[in-house]
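Per-entry structural report
Below are the chains, spelled out letter by letter.
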Amino acid sequence: MSRNAILHIVLLAATIAAPLLFPAYNAFLATLWLFIIVALTWDMTGGQMGYNSLGNIFFYGTGMYVGAVIAIGMYFPVGEWTDAARSELFLMSPGQYYTGLAVGSLGAGIFCALAALIIGALTFGLRGPYFAIGTLGVAIAGGEIVSNIEWLGGGQGISMPNPPGDFDSFKVLIYYLFAGLGVVLFIFLRWFYQTRFAAAINAIRDDEEKAEAMGIHTLRYKLVTWAIAAFFVGIAGSISAFQLIHFEPLETAYQTINLGIFMVVCVLLGGKGTLWGPVIGAVIFHVFKEVTWNYFLGGQWIALGALIVVIVVFFQGGLMGFFRRRFPEWFGVRVETKGATETAS
Amino acid sequence: MSAIIEVSHVSKSFGGVHANTDISLSVEKGGITGLIGPNGSGKTTLFNSIVGYHPIDSGSIRFEGREISRMLVPEIARLGLLRTFQQTRIYGAMNCMQNMLISIPHRKMTLWEAFRRNSPEEKERAEHLLEFVGLYEKRLLQAGSLSFGQQKLLEFAMAMMNEPTVLLLDEPTAGINPTLINGLIDRLKRANSEYGITLFIIEHNMRVIMNMAERIYCLAYGKLLASGTPAEIQDDQRVIDAYLGAH
Ligand SMILES: Nc1ncnc2c1ncn2[C@@H]1O[C@H](COP(=O)(O)OP(=O)(O)OP(=O)(O)O)[C@@H](O)[C@H]1O
Ligand SMILES: [Mg+2]
């Protein structure tokens, strides 16, 4: 077995065992997976396609609401539920709860993918900073619109049904949902980045005008890529809604300055346009954030700002970019004469 | 032989600059056609108009009998009408093989087929074409680290990878070492004869274009000045005057 395969198996085993070995860190680990998911999906457009979206948080927030509305709406009138603002008035059986969780999350993913197609058709004409600001506008507007809809609980947000069973096993379930989604996403991207499709979005990143001149269906590829990203973010949002039990629109769902920025920082930290960069970045960032938030309270935002400045000034390629410059042969850069055998990697 | 590109009465101006005025010409299917003219005479502008880079002010452009003057760049490229850039455009951050594999003809591919890896045949073709232009040894190097001339060759190979019907080349020999130019002429001719690609070439190097083209058009000040066989063009006093700057 190759060293690479062993590494993957060890990581997978650690992923499965983690909540059982470190129950006290369940919430921490679940959030870590959420960071990995939003970082990996952000990198699909930001790193691989060259479209730096500041609006991916829109799909997170929308995923929360869609998941909640589906899960509640399957059994109760949503307007009355949110009006009561007390889930105790309506009781859900465990069967209803888990069905709602599954159908709601899947529905959230599909809804967000469709939303990405529509928003993308409107915003993919924008380039560079205009795309970033345009998508940020979508996310801000999304939060404002939702907080004005009484049927969705307005500015109060939505209280989700209470999870059945004891709370500790619920936390383990949430961990496995995030971890499972993250692993599926990672395996998908590992395959996806080797397809012709991925080559086309890399071409768009490197020179979109050239890609057009070569006959690549640029808009089609951009839309599909963003829709796939939105699908995973939407599902993650819905899982978060169930995890948090209560969420409100601006601070939790459409949290543009928290998670909306964190996902970008994770990717920049680890290295844009690589498979492992966002994962490594998410791990480092999350640990950094927990440490500063716990031991440096009051100064945490200053520390975070300093971290961003350091990355942007000194590590523009992130950690992966640093390795690539130091050890280009790891990444297959070499001169080869015809007939020479491939150098073992 | 019949015309595969028909440009009739095309005009294009930028603000007050009349880059192209009432230009009519045709490119024969299967042949090599040349386009010459002093700097700023509107050659690149005409290429840009043909491939849909900008809308034309008036006139008509037909490709295989079909009006294309209102179509967008990628749509025209997918018809099999491709161009290379005077400034040379390659994907600098990727290696040469990746540049080649990205250039597979997307018009022959559905969205589902895009979700597959490159086939061994595609890789073989990419390697073969890199060898054809003399870049095989560099195939795993970053394209951006190649010299300007090598990038021109790579861009040409990428265009070939796309299996175009017609290829518009904007100064293919600019920046190429004079000792390599003969090899390049040979390759361009083989692209035409062996791969059956119709070529329409902008070129400042008279020796090159006289050697290759069956028919040459000459622009000056945005207007069509003369056209004919290389011999006719060479002897045309108006062409000589335009190049020597006499009016
Ligand atoms: N996008 C543009 N905007 C404004 N003016 C332009 C534009 N493109 C071309 N022009 C002008 O049109 C005229 C013709 O330019 P063009 O690039 O077609 O010349 P050319 O024949 O290709 O010259 P060269 O041999 O130097 O490449 C020039 O005066 C140029 O400044
Ligand atoms: Mg030019």
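Residues numbered from 1 in each chain as written. Chains lettered and ligands numbered in written order. Predicted model: local features only at pLDDT ≥ 70, side-chain atom pairs only at ≥ 80, totals over all residues. Heavy atoms only, no water.

**Remarks on the overall build of chain B**
A count of helices and strands for chain B gives 10 helices and 10 strands. Here the C-alpha radius of gyration of chain B, 18 Å, is about what a compact globule of 247 residues would show, namely 18 Å. Projected onto its principal axes, the C-alpha coordinates of chain B cover approximately 55 × 40 × 35 Å. Among the 247 residues that make up chain B, the fraction classed as buried is 54%. A fraction of 69% describes how many contacts in chain B between residues 6 or more apart in sequence connect residues 24 or more apart. (Helix = DSSP H or I, 4+ residues; strand = E, 2+ residues; numbered from the N terminus. Rg over C-alpha atoms; globule rule 2.2 N^0.38 Å. Buried < 20%, exposed > 50% of the residue type's maximum accessible area, 1.4 Å probe, protein only. Contact = heavy atoms within 4.5 Å.)

**Observations concerning the packing of aromatic side chains**
Remark: the centre distance and the inter-plane angle together describe each pair of aromatic rings, the angle taken between the planes. Counted by the stated rule, this structure contains 39 aromatic pairs over all chains. Taken together, a centroid distance of 5.6 Å and an interplanar angle of 85° make the contact between A:F231 and A:F232 edge-to-face. Take A:F231: its relative accessible area is 23%, and that puts it in the partly exposed class. Judged by relative accessible area, which is 7%, A:F232 ranks as buried. Every member of this aromatic cluster is reached through a ring pair, and the members are A:F188, A:W191, A:F192, A:Y193, A:F197, A:Y221, A:F231, A:F232, B:W112 and B:F115. (Phe/Tyr/Trp six-rings, centres within 6.5 Å; stacked < 30°, edge-to-face > 60°.)

**A closer look at the coordination of the magnesium ion (ligand 2)**
Residues and elements named next belong to chain B. Donor atoms from the polypeptide that coordinate the magnesium ion (ligand 2) comprise T44 (OG1) and Q86 (OE1), at 1.9 to 2.1 Å from the metal. Here the residue T44 occupies a position in helix α1 (residues 43-50), and Q86 occupies one in the loop between β6 (81-83) and α3 (96-102), the gap between them amounting to 42 residues. Overall, the relative accessible area of 25% leaves T44 in the partly exposed class. (Donors = N, O, S within 2.8 Å, 3.2 Å for Na, K, Ca; no water.)

**Section: the interface of chain A and chain B**
Taken residue by residue, the interface counts 34 residues in chain A and 35 residues in chain B. Between chain A and chain B, roughly 3300 Å² of surface is buried when both sides are summed, and carbon and sulfur atoms account for 58% of that area. Here B:E155 makes a salt bridge to A:K210, at a shortest N to O gap of 3.2 Å. Applying the counting rule to chain A against chain B returns 16 residue pairs in polar contact (both at pLDDT 80 or more). Where the side of chain A that touches chain B is concerned, the elements lending two or more residues are α7 (167-192), α8 (196-213) and α9 (218-244) of chain A. (Buried area = accessible area lost by both parts, 1.4 Å probe. Salt bridge = Lys/Arg side-chain N within 4 Å of Asp/Glu carboxyl O. Polar contact = N/O pair within 3.5 Å; in protein donor to acceptor, adjacent residues only side chain to side chain.)

**A short note on the site of ligand 1**
Residue and element names in this part refer to chain B. Contacts to ligand 1 come from 13 residues, most closely from K43, T44, T45, Q86 and H204. Here an oxygen atom of ligand 1 sits 2.7 Å away from a polar atom, N or O, in the side chain of T44. When ligand 1 is considered free in solution it has 630 Å² of accessible area, and contact with the protein chains removes 61% of it. Looking at which element gives the most residues to the shell around ligand 1, the answer is α1, with 3 residues. In the shell around ligand 1, the residues fall into 3 nonpolar, 8 polar and 2 charged. (Near = heavy atom within 4 Å. Areas by Shrake-Rupley, 256 points an atom, 1.4 Å probe, with all protein chains shown as cover. Nonpolar A, V, L, I, M, F, W, Y, C, P; charged D, E, K, R; others polar.)

**Thoughts on the sheet that holds strand β1 (residues 3-14) of chain B**
In space, the 4 strands of this open sheet follow the order β2-β1-β4-β5 (chain B), with antiparallel pairing throughout. Strand pairing shows two members of the sheet lacking a second neighbour, β2 (17-28) and β5 (66-67) of chain B, which therefore form its edges. (Pairing = 2+ DSSP bridges.)

**Things to note about the environment of A:L244**
Residues and elements named next belong to chain A. Secondary-structure assignment places L244 in helix α9. Residue classification places L244 among the partly exposed positions, given a relative accessible area of 38%. Along the chain, L244 and N162 lie 82 residues apart, while their C-alpha atoms are 10 Å from each other. Sequence-distant contacts of L244, that is, excluding residues within four places in its chain, are made with M64 and T252.

**Description of the packing of α7(A) against α9(A)**
How two helices sit against one another is set out by the angle between their axes and by the gap between those axes. Residues and elements named next belong to chain A. One way to put it is that α7 packs onto α9 with a least axis distance of 10 Å and a crossing angle of 175°. Taken as axis vectors, α7 and α9 run roughly antiparallel relative to one another. Across the interface between the two elements, F170, I174, L177, F178, L181, V184, L185, F188 and F192 of α7 pack against I228, F232, I235, A236, I239, S240, F242 and Q243 of α9. Classifying every residue of the contact of α7 with α9 gives 15 nonpolar, 2 polar and no charged. (Axes fitted to C-alpha atoms, helices over the stretch in contact; angles between N-to-C directions. Parallel < 35°, antiparallel > 145°, perpendicular 65-115°, else oblique.)

**A word on a nonpolar patch on the surface**
Taken together, the side chains of A:L106, A:I110, A:L114, A:L117, A:I118 and A:L122 present a nonpolar region at the surface, about 600 Å² in accessible area. Examined against the element boundaries, A:L117 turns out to sit in helix α5 (residues 94-123). (Patch = residues over 30% accessible without salt bridge, like charges linked within 9 Å, V, L, I, M, F, W, Y side chains within 5 Å.)

**Comments concerning the pattern of salt bridges**
Side chains that differ in charge, positive against negative, can pair when their charged atoms come close. All names here are of chain B. As enumerated under the stated definition, the model contains 15 salt bridges over all chains in all. Taking the shortest distance from any N to any O, the salt bridge between E67 and R62 comes out at 4.0 Å. You can call E67 partly exposed: its relative accessible area is 31%.

Coordinates in, geometry out; function isn't part of it.
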